[in-house]
Amino acid sequence: MLLVPMRNVLAFQARSVCIAIKSNGIIYSNNTNFVISKRHAVTDFVSVKTKSKVSEFIDRFQIMNPLSKSKYEANSWILYEKLVDQIPFDQIMLKLNLPDTFNSWFIITELHLWMIFVRLMNEGTKGTMIRNFLMEALWNDVEFRSKKLATVSSDVRHRQIKELSDQLRGALVGYDEGWLSNDMVLASMVWRRVFNKECNDPEQIELVVKYIRKQMSILQLQTFDSLFTKKDVKWIKFV
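Reading the values: the criteria
Residues numbered from 1 in each chain as written. Predicted model: local features only at pLDDT ≥ 70, side-chain atom pairs only at ≥ 80, totals over all residues. Heavy atoms only, no water. Phe/Tyr/Trp six-rings, centres within 6.5 Å; stacked < 30°, edge-to-face > 60°. Helix = DSSP H or I, 4+ residues; strand = E, 2+ residues; numbered from the N terminus. Buried < 20%, exposed > 50% of the residue type's maximum accessible area, 1.4 Å probe, protein only. Lys NZ or Arg CZ within 6 Å of the ring centre and 35° of its normal. Salt bridge = Lys/Arg side-chain N within 4 Å of Asp/Glu carboxyl O. Expected span 1.5 Å × (residues − 1). pLDDT = per-residue confidence, 0-100. Contact = heavy atoms within 4.5 Å. Axes fitted to C-alpha atoms, helices over the stretch in contact; angles between N-to-C directions. Parallel < 35°, antiparallel > 145°, perpendicular 65-115°, else oblique. Left-handed = near helix turned anticlockwise from the far one by under 90°. Nonpolar A, V, L, I, M, F, W, Y, C, P; charged D, E, K, R; others polar. Polar contact = N/O pair within 3.5 Å; in protein donor to acceptor, adjacent residues only side chain to side chain.

Trainee: What is the right way to look at the packing of aromatic side chains in this model?
Mentor: Two descriptors summarise a pair of aromatic rings, namely the distance from one centre to the other and the angle between the planes of the rings. Applying the stated criterion across every chain, the model contains 6 aromatic pairs. Between Phe106 and Trp139 the ring centres are 5.6 Å apart and the planes differ by 40°, which places this aromatic pair in the tilted class. In this pair, Phe106 is assigned in helix α5 (residues 102-120) and Trp139 in helix α6 (residues 124-149), connecting sequence segments 33 residues apart. With respect to class, Phe106 is no different from Trp139; both count as buried. Taking NZ or CZ as reference, Lys126 lies 4.2 Å from the ring centre of Phe224, over its face.

Trainee: Just to check I follow, could you spell out the pattern of salt bridges for this structure?
Mentor: It is possible for side chains of opposite charge to pair when their charged atoms get near one another. Scanning the model with the defined rule gives 10 salt bridges in all. One salt bridge connects Arg193 with Glu110, and the closest N-O pair in it is separated by 2.8 Å. Of this pair, Arg193 sits in helix α8 (residues 183-193) while Glu110 sits in helix α5; the two residues are 83 residues apart in sequence, bridging distant segments of the chain. With respect to burial, Arg193 and Glu110 carry one shared label: buried. Between Lys234 and Asp232 there is a salt bridge, with its nearest N and O atoms 2.6 Å apart. In the salt-bridge network here, residues are joined through shared partners; they are Glu143, Lys147 and Arg157.

Trainee: Any chance you could explain α6 here in plain terms?
Mentor: Along an α-helix, residues three or four apart share an orientation, since each turn contains 3.6 residues. When the terminal C-alpha atoms of α6 are compared, their 37 Å separation across 26 residues agrees well with the 38 Å that a helix rising 1.5 Å per residue should span. By the criterion of burial, α6 is predominantly enclosed, with 23 of the 26 residues buried.

Trainee: Is there a simple way to explain the environment of Phe117 in this structure?
Mentor: Assignment of secondary structure puts Phe117 in helix α5. On the basis of relative accessibility, which here comes to 2%, the residue Phe117 falls in the buried class. In the structure, Phe117 is positioned 11 residues away from Thr128 in sequence and 8.4 Å away in space, judged by C-alpha atoms.

Trainee: When you look at the confidence of the model for the protein chain in this model, what are you seeing that I'm missing?
Mentor: Do not read the predicted coordinates in detail wherever pLDDT is low. In the predicted model, the protein chain carries a mean pLDDT of 79, and the fraction of residues at 70 or more is 72%. Every residue in residues 11-50 scores below 50 in pLDDT, and together they form 107 contacts with partners more than four places removed in sequence or on other chains.

Trainee: Is there a simple way to think about the packing of helix α4 (residues 89-96) against α5 in this case?
Mentor: What describes two packed helices is the angle between their axes and the distance between those same axes. Two elements in contact, α4 and α5, have axes separated by 11 Å at closest approach and are oriented at 115°. The pairing of α4 with α5 is recorded here as roughly perpendicular in orientation. In the packing of α4 onto α5, the handedness of the crossing is right-handed. Between α4, through Phe89, Ile92 and Met93, and α5, the contact on the second element is made entirely by Trp105, Ile108, Thr109 and His112. Taken together, the residues of the contact of α4 with α5 sort by class into 5 nonpolar, 2 polar and no charged.

Trainee: What should I look at first to understand the side chain of Ser226 in this one?
Mentor: Tracing the backbone shows Ser226 in helix α10 (residues 224-229). For Ser226, a relative accessible area of 14% translates into the label buried. Polar side-chain contacts of Ser226 include one of 3.4 Å to the side chain of Gln222. Apart from residues no more than four positions distant in its own chain, Ser226 is found in contact with Lys231 and Asp232.

Trainee: So what exactly am I meant to see when it comes to the environment of Leu164 here?
Mentor: In this fold, Leu164 is placed in helix α7 (residues 154-180). In this structure the C-alpha to C-alpha distance between Leu164 and Trp139, which are 25 residues apart in sequence, comes to 9.7 Å.

Trainee: Whenever I open this one, the packing of α7 against α8 confuses me. Can you help?
Mentor: Following both chains from N to C, one finds α7 and α8 inclined at 155°, their axes separated by 7 Å at the closest point. On the basis of the axis angle, α7 is roughly antiparallel to α8. In this structure, the crossing between α7 and α8 has a hand that is left-handed. Across the interface between the two elements, Gln167, Ala171, Gly174, Tyr175, Glu177, Gly178 and Trp179 of α7 pack against Val185, Leu186, Met189 and Arg193 of α8. Residues that form the contact of α7 with α8 fall into these classes: 6 nonpolar, 3 polar and 2 charged.

Shown next, in the form of structure tokens:
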């Protein structure tokens, strides 16, 4: 399944719920290079708040409303589809000489979702909830596409999806470490994850690092309303 041509993968869209990943971990210290502090993308928001405690309490109270929660879920799934539809897959694959496979699609999608997760973690409880809904949408998408693209047994397919799940957990933590550290650490993560330790061209690795930094700087300045309500997210050109 992981070696199925990627252009076939991009022809399908997800429609039913699969599984969600929820992970806890350590909040790292802030970095003042950007207007909004950097957060650990795969953890719950438990450190210094960008909002007041009263505002956070109101958010928690509103989210407890089943109707409100269902609206957040629906909007999160719509946001996921828009985010993935706009990722410049062809540009990235061409520039980085990545193989045209399902695995390439997943790794590229994973990277872009991680950047959104980092931004969402500045939104407290609702950011965490939206992140989890985006995770559900991702795994539903993987399930849907894998059924369409591979003539393998369900046991094999589920095992491969489980492997992707494990890889995703490690990747999110690795990207967080690079984002909170320096370009050298981030480049090391890109080399391991995007290139599977098989890239000997430092310029290609540098392209990805610059892309991440530029895209993240834009996302960090974006308001929650434009990101989630208006879903006005435009990925920059990959050059």
